[in-house]
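Here is how the chains run, residue by residue.
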Amino acid sequence: MSRIFRAVILGPPGSGKGTISERIAQSFGLQHLSSGDFLRENIAAKTEAGVLAKTYIEKGLLVPDHVMTRLVLPRLEEITRHSWLLDGFPRTLAQAHALDIACDLDLVISLNVPFETLKERLSHRWIHPASGRVYNKGFNPPRVKGVDDITGEPLIQHEDDKPMALVARLRHYKDVAKPVIDLYKSKGILHTFSDTETDRIWPYISTLFSTKIPMHQADTHYAPSH
Ligand SMILES: Nc1nc2c(ncn2[C@@H]2O[C@H](COP(=O)(O)OP(=O)(O)O)[C@@H](O)[C@H]2O)c(=O)[nH]1
Ligand SMILES: Nc1ccn([C@@H]2O[C@H](COP(=O)(O)OP(=O)(O)O)[C@@H](O)[C@H]2O)c(=O)n1
């Protein structure tokens, strides 16, 4: 069996982590693990962590480290045979230290997207809650306005993508992320990508992963349809 490859994707809300993670997962056969999805599953199931987390997310705040760590680390430990890409965790230095104790990362990618672009994108982000499929008015609109392409079910907007929560969320992100980025830089595993468009960042990320993951592990290559 080939060695497990472990990667993390960092970037502010709306920077395209979910979009790029899906492309990486499809192209290179990594499992996409989203801490935001773990949170939403827990909120929907009304677990203790979910009920607590909801009160923070609604205010545009980060969920406390001990709650996030307890939610995410056991999920990682379950995956012993599959390479993965973690999206949305770690957000804070304390989460990064906890992850460091749990496993060795091979690669960290960081997305650097201007503030105005983030605001614009998030206010137009619509989600199919059951699958996590993400749409955007201009970038990847659903075929029929307001409904999921596959199931025909209605799309919703995250509470935390609505304007009030949005600005607080983006402001807070920067302060908390800096030490996390610095940590991975000092370990020599950080690669940063800056642009306003996912389609312009993607070729560089694809090339980077191609050099790190042996070809026989990679699946078919993702080709954007637009
Ligand atoms: N206009 C535009 N929208 C994008 C681009 N990349 C991603 N998006 C959209 O921006 C929103 C945020 O992207 P997402 O991948 O959810 O970001 P995350 O919060 O970092 O996981 C979604 O609605 C995406 O469809 C892009 O290059 N241009
Ligand atoms: N490590 C994490 C991940 C998510 N969260 C919370 O969960 C929300 C949704 O996370 P997400 O990763 O799906 O979305 P974005 O913030 O990337 O758009 C965040 O805005 C935070 O409030 C957190 O507090 N700590």
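Residues numbered from 1 in each chain as written. Chains lettered and ligands numbered in written order. Predicted model: local features only at pLDDT ≥ 70, side-chain atom pairs only at ≥ 80, totals over all residues. Heavy atoms only, no water.

By the naming in an unreviewed UniProt entry, the chain is Adenylate kinase 4, mitochondrial, taken from Denticeps clupeoides. We quote the UniProt Sequence similarities (unreviewed entry) comment for the chain here in full: "Belongs to the adenylate kinase family. AK3 subfamily." (UniProt positions renumbered as here; feature names shortened; annotations may be inferred.)

Draft legend 1. Region of the structure containing the site of ligand 2. Neighbouring ligand 2 are 17 residues; Arg40, Val63, Gly88, Arg125 and Arg169 lie closest to it. Lysine 17 places a side-chain nitrogen or oxygen 3.1 Å from an oxygen atom of ligand 2. One of the side-chain nitrogen or oxygen atoms of arginine 40 is found 2.9 Å away from an oxygen atom of ligand 2. Contact with the protein chains covers 95% of the free accessible surface of ligand 2, which is 500 Å². With four residues, the top contributor of residues to the shell around ligand 2 is helix H2 (residues 35-44). Class assignment of the residues belonging to the shell around ligand 2 gives a composition of seven nonpolar, four polar and six charged. (Near = heavy atom within 4 Å. Polar contact = N/O pair within 3.5 Å; in protein donor to acceptor, adjacent residues only side chain to side chain. Areas by Shrake-Rupley, 256 points an atom, 1.4 Å probe, with all protein chains shown as cover. Helix = DSSP H or I, 4+ residues; strand = E, 2+ residues; numbered from the N terminus. Nonpolar A, V, L, I, M, F, W, Y, C, P; charged D, E, K, R; others polar.)

Draft legend 2. Quick peek at the packing of helix H5 (residues 93-102) against helix H7 (residues 163-187). Axis separation between H5 and H7 bottoms out at 8 Å; the angle between their running directions is 40°. The way H5 lies across H7 gives a crossing that is right-handed. Contacts between H5 and H7 involve Leu93, Ala96, His97, Leu99 and Asp100 from the former and Pro179, Val180, Leu183, Tyr184 and Lys187 from the latter. Tallied by class, the residues present in the contact of H5 with H7 amount to seven nonpolar, one polar and two charged. (Axes fitted to C-alpha atoms, helices over the stretch in contact; angles between N-to-C directions. Left-handed = near helix turned anticlockwise from the far one by under 90°. Contact = heavy atoms within 4.5 Å.)

Draft legend 3. Just helix H3 (residues 48-57), in detail. Buried within H3 we find Ala49, Gly50, Ala53 and Ile57. For H3, the arc enclosing every buried residue in end-on projection is 90°, short of the 170-degree limit, so these residues lie on one face. Check the buried side of H3 and you find it contacts H2 and helix H4 (65-78). (Buried < 20%, exposed > 50% of the residue type's maximum accessible area, 1.4 Å probe, protein only. Arc of directions from axis to C-beta.)

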